[in-house]
Amino acid sequence: MNTLILKLDIAGQPVGWISREEGALLYCRDQVAWEAGEQVVRLHGGESRLTGTRSFLDINTIVATRSHDKGLLSKGDVPCLTNKQLFSRDEYMCMYCGKQYGNSLLTRDHVMPLSRGGLDIWENVVTACRSCNQTKDNALLSEINMKLIAVPYAPNRAEGLILTNRRILADQMAFLKTRVGKGSRLRVAA
Ligand SMILES: [Zn+2]
């Protein structure tokens with residue numbers, strides 16, 4: 001199990017996932033400003049010849065570094081649109097018939113078809129099963145009386161980080177969920 005560490009900037013904004021080794025480097029370079037996780041992962045070092053003991057380093061699962069991530073606000077706040085992340089956003093559910101499918105049976109549907117000037121952006125794409133996608137074809141929903149079961153939206157960075165890591169620890173998930181956008185389906189009902 002390769003647990004990833006959630007890296008934050010000093011203001012607590014999520015920056016990205018890093019490996020345990022990269023996390024260890026932050027500790028060694030004294031770049032960890034504060035910790036927010038409830039768990040630690042232990043990284044073992046070599047054995048001491050003198051004492052026979054093994055060194056280790058405990059790395060918190062959520063660490064804030066001393067630096068501000070300057071690029072964070074200006075760019076990269078919205079994750080790239082890939083089918084993998086799109087299906088994940090929509091929980092592998094066809095947004096027309098509401099059934100869940102495996103990857104191979106799902107497609108990216110453009111609500112406003114590309115042929116009619118629709119854009120390939122998060123707000124205009126939904127997960128659709130092959131059958132619904134074929135039925136819809138190049139029509140507008142109003143023309144063929146189809147309805148979306150949820151409105152498409154662009155995930156913010158925190159949600160993007162949830163969508164890209166399948167092995168999120170409970171404390172990391174709880175932290176990120178408080179920072180997902182208003183329209184997100186991952187938002188916890190308060
Ligand atoms: Zn469908």
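Residues numbered from 1 in each chain as written. Predicted model: local features only at pLDDT ≥ 70, side-chain atom pairs only at ≥ 80, totals over all residues.

Participant: What is the right way to look at the overall build of the chain in this model?
Facilitator: Secondary structure assignment for the chain yields seven helices and eight strands. Rg of the C-alpha trace for the chain: 21 Å, well past the compact-globule value of 16 Å for 190 residues, more than 25% over. Overall, the chain is about 80 × 35 × 30 Å in size when its C-alpha atoms are taken along their principal axes. Out of the 190 residues belonging to the chain, those deemed buried represent 23%. (Helix = DSSP H or I, 4+ residues; strand = E, 2+ residues; numbered from the N terminus. Rg over C-alpha atoms; globule rule 2.2 N^0.38 Å. Buried ≥ 20, exposed ≤ 12 C-beta atoms within 10 Å, placed from the backbone.)

Participant: Even after reading the chapter, I still don't get the sheet that holds strand β3 (residues 32–35), so can you show me in this structure?
Facilitator: For sheets, the rule is that strands pair by backbone hydrogen bonds, running either parallel or antiparallel. Here four strands make up an open sheet; going across it, the order is β2-β1-β6-β3 and the pairing mixed. The sheet terminates laterally at β2 (14–18) and β3, the two strands that pair on one side only. This sheet shows a mean twist of 30° between the axes of neighbouring strands, independent of strand direction. The strands that helix α7 (residues 170–177) touches are β1 (5–8), β2 and β6 (62–65); relative to β6, the one it contacts most, it runs at about 55°. (Pairing = 2+ DSSP bridges. Axes fitted to C-alpha atoms, helices over the stretch in contact; angles between N-to-C directions. Contact = placed C-beta atoms within 7 Å.)

Participant: Hey, could you run me through the environment of V40 in this one?
Facilitator: With respect to the element layout, V40 can be found in strand β4 (residues 40–47). As for V40 and N60, which are separated by 20 residues in sequence, their C-alpha atoms are 4.3 Å apart. Discounting residues that sit within four places of it in the chain, V40 has contacts with D58, I59, N60 and T61.

Participant: It is not clear to me how helix α6 (residues 157–164) should be interpreted in this structure. Could you clarify?
Facilitator: Each α-helix winds once per 3.6 residues, and so residues spaced three or four apart point in a common direction. Counting buried residues in α6 gives six out of eight residues, a clear majority hidden from the surface. Looking at α6, one finds that the buried residues are R157, A158, E159, G160, L161 and I162. Where α6 is buried, its residues meet β2 and α7.

Participant: Can you help me understand the confidence of the model for the chain in this one?
Facilitator: In regions of low pLDDT, the predicted coordinates are not meant to be interpreted in detail. Per-residue pLDDT for the chain averages 89, and the proportion of residues at 70 or more is 93%. The least confident element of the chain, judged by mean pLDDT, is helix α2 (residues 71–74) at 46; the most confident is strand β8 (residues 125–129) at 98. (pLDDT = per-residue confidence, 0-100.)

Participant: In this structure, what is going on with the pairing of β1? I would like to understand it.
Facilitator: Every other side chain in a regular strand lies on the same face of the sheet, so the side chains alternate between the two faces. Burial along β1 is two-sided: I5 and K7 and L6 and L8, pointing in opposite directions, are all buried. Pairing analysis gives four bridges linking β1 to β2, with the strands arranged antiparallel. Bridge pairing links I5 to I18 in β2. Hairpin connection between β1 and β2: a loop of five residues separates the two successive antiparallel strands, and G12 in this loop has a positive phi of roughly 90°. Two elements, β1 and β6, share three bridges in a ladder whose sense is parallel. Note that in β6 the partner of L6 across the bridge is I62.

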